[in-house]
Amino acid sequence: MPVQAVAIVVYEGVQALDVAGPLDVFSEANTFLDVADRYEPVLVAAHRNPLRASNGMRLIADLTLDEATGGFDIVLVAGTPTPPETAPDAHLLQWVKELPWRSSLYGSICTGAFALGYAGLLDDRRVTTHWQDAQALAARFPKAKVEPDLIYVRDGRLITAAGVTAGIDLGLALVGRRHGAETALKVAKRLVVVAQRQGGQSQFSPYLTAPADPESPIARIQDHVMANVGDRHSLESLAAVVGMSARNLARHFVQATGITPHEFIERARIDAARMMLEGSDWPLKAVAFDCGFGSADRMRIVFTARLGVSPIQYRASFRRTTPE
């Protein structure tokens with residue numbers, strides 16, 4: 001197979017790991033490949049002046065936008081720690097718009113998806129970004145089919161990855177697709193990462209967010225549920241806590257939070273169980289009972305449906321150990 005030309009688009013304030021993660025995957029892959037079958041990555045930017053990444057690291061592009069005229073096998077637009085409020089400058093935006101003609105595969109890492117959105121490349125396509133910014137991406141580009149829980153998504157020639165380290169997952173997926181799972185596994189072992197992560201971004205995102213008004217009836221109900229997460233809760237019992245009718249509570253709760261009271265209760269139980277699994281050696285049966293699931297089997301079903309992993313797998317991945 002011929003050499004793979006890979007371009008990663010960088011700019012001031014870029015997330016360094018969005019750049020370094022995929023680059024390290026391709027670099028490590030080259031150690032297992034023939035010279036004629038290697039990856040040749042380059043950084044592309046508006047100019048060759050040093051750029052300051054979000055962590056303070058300085059980057060210098062190999063090619064300017066004017067020089068990077070095409071012929072790439074893969075082009076990825078790196079992201080920033082927070083999504084951009086406005087479209088990229090006109091020069092970069094036009095360059096991104098032409099990605100379908102510049103490369104065989106094109107896409108983004110993390111909030112780099114916003115640049116693709118401004119370029120009109122996300123319309124009617126399945127995409128992802130960092131879980132924290134997925135809602136903003138969907139709101140700003142309503143024609144995009146945003147998948148907030150996926151680590152990476154491929155829709156035809158378009159490839160998008162979730163936040164930060166997900167760029168490594170995407171790189172491994174690309175290596176595996178071209179050179180086989182065995183090569184991807186070798187690269188993953190060299191980088192001390194898993195070749196294919198189990199579950200989605202929900203494993204890493206906090207399920208519960210505080211309401212805008214901490215003194216509101218909805219906030220009081222949320223506090224009550226989290227303080228008594230192991231108890232049985234009904235719409236009627238929650239309504240009694242704040243002196244509302246069940247019907248009014250259901251309506252106001254959805255308006256304030258975007259989810260139903262039942263959904264909130266399940267999320268609260270998941271969140272409580274996650275903390276216990278991470279920070280204690282309690283048996284699964286005890287965790288399930290204390291967090292209101294009733295049984296370990298029920299907790300396993302909910303975890304698998306919500307997080308894509310079982311409680312045992314979650315504990316194995318996130319268990320905190322106390323230093324000696």
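Source: prediction; values computed, not measured.

*Asks:* Describe the overall build of the protein chain, naming the residues involved and giving the relevant values.
*Replies:* Scanning the protein chain from terminus to terminus reveals 14 helices and 11 strands. Oriented by its inertia axes, the alpha-carbon framework of the protein chain measures out at about 65 × 45 × 40 Å. Looking at the 324 residues of the protein chain, the share that counts as buried comes to 46%. Residue pairs at least 24 apart in sequence account for 64% of intrachain contacts in the protein chain once pairs closer than 6 positions are excluded. Summed over all atoms, the accessible surface of the protein chain reaches about 16100 Å², with 53% contributed by carbon and sulfur. Across the protein chain, the 33 positively charged side chains and the 35 negatively charged ones have centroids separated by 4 Å.

*Asks:* Any chance you could break down the nonpolar core for me, citing the residues and the numbers?
*Replies:* Grouped together as the largest cluster of nonpolar side chains are 29 residues, with contacts concentrated most on W95, V96, L99, L116 and L137. Of all the secondary structure elements, the ones that give two or more residues to this core are β1 (4-9), β2 (39-45), β6 (72-77), α2 (90-97), α4 (112-118) and α5 (134-140). Beyond its immediate chain neighbours, meaning those up to four positions away, L137 contacts A113, F114, L122, V127, T129 and V146. Within the second largest apolar cluster, 28 residues are counted, among which are L238, F264, A288 and Y314.

*Asks:* So, the pairing of strand β11 (residues 158-161): which residues are in play, and what are the values?
*Replies:* Burial of β11 is two-sided: the residues L158 and T160 facing one way and the residues I159 and A161 facing the other way are all buried. Sheet topology note: the strand β7 (residues 103-109)/β11 ladder contains 4 bridges and is parallel. When the bridges of β11 are listed, Y106 appears paired with L158. Judged from the 4 bridges that link them, strand β10 (residues 152-155) and β11 form a sheet pairing that is antiparallel. In the sheet register, Y152 faces β11, and the bridge partner there is A161. Between β10 and β11, which pair antiparallel and follow one another directly, the connecting turn spans 2 residues, one of which, G156, has a positive phi of 65 degrees.

*Asks:* Just give me the short version of the side chain of S310, but keep the residues and values in it.
*Replies:* Among the secondary structure elements, S310 is positioned in the loop between α13 (296-307) and α14 (311-318). Filtering out sequence-adjacent residues up to four positions away, S310 remains in contact with R300, F303 and T304.

*Asks:* Break down the packing of aromatic side chains for me, citing the residues and quoting the values.
*Replies:* Applying the stated criterion to the full structure yields 5 aromatic pairs. A centroid spacing of 4.8 Å and a plane angle of 35 degrees characterise the contact between F26 and Y39, whose relative ring orientation is tilted. Residue F26 is found in helix α1 (residues 16-30), and its partner Y39 is found in strand β2; the two are separated by 13 residues along the sequence. Note on accessibility: F26 and Y39 belong to one class, buried.

*Asks:* I'd love a proper account of the pairing of β1, names of residues and values included.
*Replies:* Among the 6 residues in β1, 5 count as buried, and that is most of the element. Sheet topology places β1 next to β2; 6 bridges connect them, and they run parallel. Directly across from A5, in β2, lies its bridge partner E40. For the handedness criterion, the β-α-β arrangement of β1, α1 and β2 is classed as right-handed. Bridging between β1 and β6 involves 4 bridges; their strand directions are parallel. Among the inter-strand pairings, V6 is bridged to a residue of β6, identified as I74.

*Asks:* Tell me about the pattern of salt bridges, and please be specific about residues and values.
*Replies:* Charged atoms that come close allow side chains of opposite charge to pair. As enumerated under the stated definition, the model contains 13 salt bridges in all. Note that R38 and E40 form a salt bridge whose closest N and O atoms lie 2.4 Å from each other. With relative accessibility at 27%, the residue R38 sits in the partly exposed group. You can call E40 partly exposed: its relative accessible area is 37%.

*Asks:* Account for helix α11 (residues 261-279), with residues named and values stated.
*Replies:* Relative to the 27 Å expected for 19 residues at 1.5 Å per residue, α11 spans 27 Å between its end C-alpha atoms, a close match to the ideal helical length. In terms of burial, α11 is largely enclosed, as 15 of its 19 residues are buried.

*Asks:* Explain the packing of α11 against α14 residue by residue, including any values.
*Replies:* At a minimum axis distance of 8 Å, the contact between α11 and α14 shows a crossing angle of 55 degrees. With respect to each other, α11 and α14 are oriented oblique. Between α11 and α14 lies a crossing whose hand is right-handed. On α14, the residues that touch R274, M276, L277 and E278 of α11 are P311, Y314, R315 and F318. Its residues placed into classes, the contact of α11 with α14 shows 5 nonpolar, no polar and 3 charged.

Rules and cut-offs
Residues numbered from 1 in each chain as written. Predicted model: local features only at pLDDT ≥ 70, side-chain atom pairs only at ≥ 80, totals over all residues. Heavy atoms only, no water. Helix = DSSP H or I, 4+ residues; strand = E, 2+ residues; numbered from the N terminus. Buried < 20%, exposed > 50% of the residue type's maximum accessible area, 1.4 Å probe, protein only. Contact = heavy atoms within 4.5 Å. Areas by Shrake-Rupley, 256 points an atom, 1.4 Å probe, with all protein chains shown as cover. Lys, Arg positive; Asp, Glu negative; His and termini not counted. Charge placed at Lys NZ, Arg CZ, Asp CG, Glu CD. Core = buried A, V, L, I, M, F, W, Y, C linked by side-chain atoms within 4.5 Å. Pairing = 2+ DSSP bridges. Phe/Tyr/Trp six-rings, centres within 6.5 Å; stacked < 30°, edge-to-face > 60°. Right-handed = clockwise from strand over helix to strand, strands pointing away. Salt bridge = Lys/Arg side-chain N within 4 Å of Asp/Glu carboxyl O. Expected span 1.5 Å × (residues − 1). Axes fitted to C-alpha atoms, helices over the stretch in contact; angles between N-to-C directions. Parallel < 35°, antiparallel > 145°, perpendicular 65-115°, else oblique. Left-handed = near helix turned anticlockwise from the far one by under 90°. Nonpolar A, V, L, I, M, F, W, Y, C, P; charged D, E, K, R; others polar.

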